[in-house]
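Structure assessment
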Amino acid sequence: MHIHNISSSNTILNKFISEIRDVNVQKDSLRFRRNIERIGEVLSYELSKELKYSVNKVETPLGTKEIDQLTNKIVLCSILRAGLPLHQGLLNYFDDAENAFISAYRNHPENGVPSEIIVEYFASPSIENKTLLLADPMLATGQSLVAVYEAIKKYGVPKELHIIVVIASKEGVDYISKHFPENTHLWIAALDETLNEKGYIIPGLGDAGDLAFGKKL
Ligand SMILES: O=P(O)(O)OC[C@H]1O[C@H](OP(=O)(O)OP(=O)(O)O)[C@H](O)[C@@H]1O
Ligand SMILES: O=c1cc[nH]c(=O)[nH]1
Ligand SMILES: [Mg+2]
């Protein structure tokens, strides 16, 4: 797996990541969603450097100019719920992409430890021979992403696969590295050390879905 940790150098991205982590700032759900979206935009720009381009002529009012244009056929697939603002950020840049949505949530019985991943809803175009961007803001144990990857296989075999994550745990990165093809690209905006006993990323940010959309039963 090719791992791209884009916070390894200092950029304005630090501000967006710091705001989604900050226990006082993250309470503003409008700001939280918009920051996730902004991080999606930054990740899109970085990822676009790995895509394919071919020369195209553009007519201006005063002449013509050759500009290399993206040729990848992109399908943008996000994992509900927390993936929605990240999806919007990616779509702001890859505005010609086809779109897919999949539901996946971690079932927390009484002891709070996630026991299984429930994948129920899936709406997708064919992904055969296309560039699949799989987006989820949190990569904790990695089980959600792997369950989604298994479910998406019936929609075809993508030519390229990019996983886009805001905060990843080291354990999650190791886990998905073993379950995705070797040529998969993983784009992460931040990498955290560990998980707690309930499978939350430490220090992480808490529950991304709840922060974006409110608590669920
Ligand atoms: O790597 P994992 O251990 O599988 O955890 C990561 C998953 O947890 C979160 O979803 P959650 O189950 O909280 O659902 P939600 O988006 O509805 O809040 C997150 O958005 C990932 O999908
Ligand atoms: O830390 C975590 C782990 C999974 N899902 C979240 O939203 N946060
Ligand atoms: Mg959640």
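Residues numbered from 1 in each chain as written. Chains lettered and ligands numbered in written order. Predicted model: local features only at pLDDT ≥ 70, side-chain atom pairs only at ≥ 80, totals over all residues. Heavy atoms only, no water.

The protein goes by Uracil phosphoribosyltransferase in an unreviewed UniProt entry, where it is assigned to Polaribacter marinaquae.

**What to know about the packing of aromatic side chains**
Stated precisely, the cut-off is as follows: Ring pairs are drawn from Phe, Tyr and Trp, using the six-membered ring of Trp, whenever the two centres fall within 6.5 Å, and their geometry is named by plane angle: stacked under 30 degrees, edge-to-face over 60, tilted for the rest. Put simply, DSSP marks the helices as runs of H or I at least four residues long and the strands as runs of E at least two long, and each gets a number from the N terminus on.
Considering all chains together, one arrives at 2 aromatic pairs under this definition. Ring geometry for Phe 122 against Tyr 155: centres 4.8 Å apart, planes inclined by 40 degrees, an arrangement best described as tilted. Of the two residues, Phe 122 sits in strand β6 (residues 116–123) while Tyr 155 sits in the loop between α4 (143–152) and β9 (160–169), which places them 33 residues apart along the sequence. Each ring, one from Tyr 149 and one from Phe 180, has its centre 4.5 Å from the other, and the planes form 35 degrees; the classification is tilted.

**Comments concerning the side chain of Ser 103**
This is how it is decided: Only protein chains enter the accessibility calculation, which uses a 1.4 Å probe. A residue is then buried if its area is under 20% of the maximum for its type, exposed if over 50%, and partly exposed in between. For the purposes of these results, a polar contact is taken to be a pair of N or O atoms within 3.5 Å, where, inside protein, one atom must be able to donate a hydrogen and its partner to accept one; residues adjacent in sequence count only when each atom of the pair is a side-chain atom. The contact criterion used is simple: two residues touch if any of their non-hydrogen atoms lie within 4.5 Å.
Relative to the assigned elements, Ser 103 resides in strand β5 (residues 98–107). With relative accessibility at 13%, the residue Ser 103 sits in the buried group. A distance of 3.2 Å separates a polar atom in the side chain of Ser 103 from the backbone nitrogen of Glu 120. Apart from residues lying up to four places away in sequence, Ser 103 is in contact with Leu 80, Ile 118, Val 119, Glu 120 and Tyr 121.

**Thoughts on the pattern of salt bridges**
Stated precisely, the cut-off is as follows: The working definition used for a salt bridge is a side-chain nitrogen of Lys or Arg within 4 Å of a carboxyl oxygen of Asp or Glu.
By the definition in use, this model includes 12 salt bridges. In this structure, the salt-bridge partner of Glu 193 is Lys 170, at a minimum N-O distance of 2.6 Å. Here Lys 170 lies in helix α5 (residues 170–179) and Glu 193 lies in the loop between β10 (185–192) and β11 (194–195), a separation of 23 residues in the sequence. The exposure class of Lys 170 is partly exposed, given its relative accessible area of 36%. One salt-bridge network, in which partners are shared between bridges, spans Lys 15, Glu 19 and Arg 31.

**As for the confidence of the model for the protein**
Using the following cut-off: Residue-level confidence of the predictor, termed pLDDT, takes values from 0 up to 100.
Mean pLDDT over the protein stands at 95; residues scoring 70 or higher make up 97%. The ipTM assigned to the predicted complex is 0.96, against a pTM of 0.95.

**Describing the nonpolar core**
To keep things clear, this is the line we draw: Residues belong to a common nonpolar core when they are buried Ala, Val, Leu, Ile, Met, Phe, Trp, Tyr or Cys residues joined through side-chain atoms within 4.5 Å.
Among the nonpolar cores identified, the biggest contains 34 residues, and Phe 32, Ile 39, Ile 164 and Leu 205 are the most heavily contacted of them. For this core, the secondary structure elements donating two or more residues are α1 (13–21), α2 (29–48), β4 (74–80), α3 (83–93), β7 (131–135), β9, β10 and α6 (208–213). Among the elements that make up this core, the one with the highest residue count is α2 (5 residues). Contact partners of Ile 164, with chain neighbours within four places excluded, come to Leu 43, Leu 47, Leu 86, Leu 90, Leu 133, Leu 134, Ala 135, Asp 136 and Trp 187. Residues Ala 104, Ile 127, Leu 134 and Leu 186 belong to the second largest nonpolar core, which totals 26 residues.

**Focus on the site of ligand 2**
Just so we agree on the cut-off: A cutoff of 4 Å decides nearness: a residue is near a molecule or strand if any of its heavy atoms lies inside that distance of it. Every accessible area reported is derived by Shrake-Rupley at a probe size of 1.4 Å, with residue values counting cover from the shown protein chains alone. Here the term cavity refers to a set of points on a 1 Å grid, laid over the protein atoms alone, in which a 1.4 Å probe fits but cannot get out; the term pocket refers to an open set having protein on both sides within 12 Å along at least five of seven lines, with lining residues being those that place an atom within 4 Å of a point. Assignment of a molecule to a cavity or pocket requires that more than half of its atoms lie within 2 Å of the corresponding grid points. Residue type decides the class: Asp, Glu, Lys and Arg count as charged, Ala, Val, Leu, Ile, Met, Phe, Trp, Tyr, Cys and Pro as nonpolar, and the leftover types, Gly among them, as polar.
Neighbouring residues of ligand 2: Arg 106, Met 138, Ala 140, Gly 199, Tyr 200, Ile 201, Gly 206, Asp 207 and Ala 208. Here a nitrogen atom of ligand 2 sits 2.7 Å away from a polar atom, N or O, in the main chain of Gly 206. Ala 208 is positioned such that a nitrogen or oxygen atom in its backbone is 2.7 Å from an oxygen atom of ligand 2. For ligand 2, whose free accessible area comes to 230 Å², the fraction covered by protein is 91%. Counting atoms within 2 Å of the grid points, the majority share of ligand 2 lands in the largest pocket. A class-by-class count of the residues in the shell around ligand 2 yields 5 nonpolar, 2 polar and 2 charged.

**Details of unusual backbone geometry**
Between Leu 80 and Arg 81 the backbone carries a cis peptide bond, its omega angle lying at -10 degrees. On the secondary structure map, Arg 81 appears in the loop between β4 and α3. In this chain, Ile 202 is followed by Pro 203 through a cis amide linkage whose omega measures 0 degrees. For Asn 129, which is not glycine, the phi torsion reads 65 degrees and is therefore positive. With respect to the helices and strands, Asn 129 occurs in the loop between β6 and β7.

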